[in-house]
Amino acid sequence: MSGEIKINSVTKTFNQGSAEEVTALNGVDFTIPAGSFVSLIGPSGCGKTTLLRCIAGLETPTSGEVNVDGEKITKPGSDRGFAFQQANLFPWLTIRDNIAFGLRARHIYKQQKADVDKFIKLVGLEGFEKSYPHQLSGGMNQRASLARALVGHPKILLLDEPLGALDAFTRMTMQDEILRLWKEHNTTMVMVTHDVDEAVYLSDYVVVMSPRPAKVEEIIKIDLSHPRARGQDVFLKYRTKILEILDYAGKVHEVEYAI
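Here is what the cut-offs are and how they apply
Residues numbered from 1 in each chain as written. Predicted model: local features only at pLDDT ≥ 70, side-chain atom pairs only at ≥ 80, totals over all residues. Heavy atoms only, no water. Pairing = 2+ DSSP bridges. Helix = DSSP H or I, 4+ residues; strand = E, 2+ residues; numbered from the N terminus. Axes fitted to C-alpha atoms, helices over the stretch in contact; angles between N-to-C directions. Contact = heavy atoms within 4.5 Å. Expected span 1.5 Å × (residues − 1). Buried < 20%, exposed > 50% of the residue type's maximum accessible area, 1.4 Å probe, protein only. Parallel < 35°, antiparallel > 145°, perpendicular 65-115°, else oblique. Left-handed = near helix turned anticlockwise from the far one by under 90°. Nonpolar A, V, L, I, M, F, W, Y, C, P; charged D, E, K, R; others polar. Phe/Tyr/Trp six-rings, centres within 6.5 Å; stacked < 30°, edge-to-face > 60°. Lys NZ or Arg CZ within 6 Å of the ring centre and 35° of its normal.

1. Observations regarding the sheet that holds strand 9 (residues 205-209)
Read from one edge to the other, the open sheet built from six strands follows the order 6-7-8-3-9-10, with strand pairing classed as mixed. This sheet does not close on itself; its edge strands, each paired only once, are strand 6 (80-83) and strand 10 (216-221). Across the sheet, the axes of successive neighbouring strands diverge by a mean angle of 15°, strand direction being ignored. Pairing between strand 3 (residues 37-41) and strand 8 (residues 188-192): four bridges, direction parallel. Within strand 8, the residue paired with serine 39 across the bridge is methionine 191. The strands touched by helix 1 (residues 48-56) are strand 3, strand 6, strand 7 (156-160), strand 8 and strand 9; relative to strand 7, the strand with the most contacts, the crossing angle is about 155°.

Structure representation (C-alpha cells):
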C-alpha cells in the first residue's frame, strides 16, 4: 500500500506581493515513512494546518513540493483521507449515509458497500446506523468522521486536531480508537495537535515546528512500544523534551520568604 510522504523545501506565502503578505511555511523539509504515525506540534498559527492542507492537495506550495510515493501532489486525491477538528457530518444524512458519502461521490458504493458496515462496526457504531448526528454524542460523531475518512482505504489519513473539541476522557478513548484503526490498516497517519501528551502517546515521530513562518525545529523519534503508559518515566522525559523545545517547560525558582 505504501504512503511515504516527502516534503521538499516547502514554502507557503498567502497574499503574495500584497501589503497583507503572510509566510506560513518557510522551507519545511522532511520525510514521513510509509505506515508511520507522525504528529505536527507547535505554537498556534505557526502553519501546521497549512502544511497538512499542502499534503492533502488543498493548498499549493509557493515553492517546493510535496510528493507521495514519488508523485508530486497537485490536487486532492482518494489516496489521502482528511479528518477535521469538527466532525463536519451532514446533519440531514444518517450516520450510515454520512460514512458512505465519499464512496457514492466516487461512484464505487456498490463495489464497497460491505466496507461501510465493516467500518461502522470497527468504530463501535453498530445500532446507530440510522441515527442522525444531532442524536449522538460528540465522540460518536467523531468516530463516524474517522470511519468516513477511512472507508475509501486511503494510503494516508490526515488529522487536523480531530479530538480537540472532546472532553478529556472521551479524548483518551478516541486516541486508543485511532491507534487501533492505524494498526489494523497500516495507514500513514499525520496529525496536527497542540496536546503534547497526545503526540507522545500516539506517534512514532513528533515534528516540533517553530513560530510562523514555520520551519522544523526538531524531529523526535518516540522509541516506545504500544500501549504506552502516560505516567511512565520515559514518557514524561519525551514530554518534557518537547516542552523545552517549545519553550513551555518552565523553570522552578526558589522563593525567599521574609517575616
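2. Topic: helix 4 (residues 138-150)
Taking 1.5 Å per residue as the helical rise, helix 4 with its 13 residues ought to reach 18 Å, and the 18 Å between its terminal C-alpha atoms agrees with that figure. Of all 13 residues in helix 4, ten are buried; the element is thus mostly enclosed. As for helix 4, its buried residues are in contact with strand 6, helix 2 (95-105), helix 3 (109-122), strand 7 and helix 5 (168-185).

3. With respect to unusual backbone geometry
Backbone torsion omega between arginine 212 and proline 213 reads 0°, so that peptide bond is classified as cis. Relative to the helices and strands, proline 213 is located in the loop between strand 9 and strand 10. A cis amide bond links histidine 226 with the next residue in sequence, proline 227, at an omega value of 0°. Look at serine 9: it is not a glycine, yet its phi comes out positive at around 50°. With respect to the helices, strands and loops of the structure, serine 9 is situated in strand 1 (residues 5-14). Of note, the phi angle at histidine 107 is positive, near 60°, even though the residue is not glycine. Here histidine 107 is to be found in the loop between helix 2 and helix 3. Taking relative accessible area as the criterion, histidine 107 reaches 68% and is therefore assigned exposed.

4. Remarks on the packing of helix 2 against helix 4
The relative placement of two packed helices is expressed as an angle between their axes plus a distance between the axes. Close contact between helix 2 and helix 4 brings their axes to 8 Å; oriented N to C, the two are set at 30°. Comparing the axis directions of helix 2 and helix 4 gives the class roughly parallel. In the crossing of helix 2 with helix 4, the sense of the turn from one axis to the other is right-handed. Here Ile95, Asn98 and Ile99 of helix 2 lie close against helix 4, whose contacting residues are Asn141, Ala144, Ala147 and Arg148. Of the residues that constitute the contact of helix 2 with helix 4, the class distribution is four nonpolar, two polar and one charged.

5. Some words on the sheet that holds strand 1
Spatial strand order, 2-1-4-5: four strands in an open sheet with antiparallel pairing. The sheet is open, and its two borders are formed by strand 2 (22-32) and strand 5 (71-72), each paired with just one other strand. Sheet topology note: the strand 1/strand 2 ladder contains seven bridges and is antiparallel. Considered in strand 2, the bridge of phenylalanine 14 is made with valine 22. Docked against the sheet, helix 1 engages strand 1, strand 2 and strand 4 (63-68), running at close to 60° with respect to strand 2.

6. What about the packing of aromatic side chains?
Within this structure, the stated rule accounts for four aromatic pairs. Between phenylalanine 82 and phenylalanine 84 the ring centres are 4.5 Å apart and the planes differ by 25°, which places this aromatic pair in the stacked class. Given the relative accessible area of 17%, phenylalanine 82 is considered buried. Residue classification places phenylalanine 84 among the partly exposed residues on the basis of a relative accessible area of 32%. Ring geometry for phenylalanine 90 versus phenylalanine 101: centroids 4.6 Å apart, planes at 50°, classification tilted. With a gap of eleven residues between them, phenylalanine 90 in the loop between strand 6 and helix 2 and phenylalanine 101 in helix 2 connect regions that are remote in the sequence. Sitting above the plane of the tyrosine 201 ring, arginine 230 keeps its charged end 3.8 Å from the centroid.

From the geometry alone we can't say anything about function, so treat these as descriptive.
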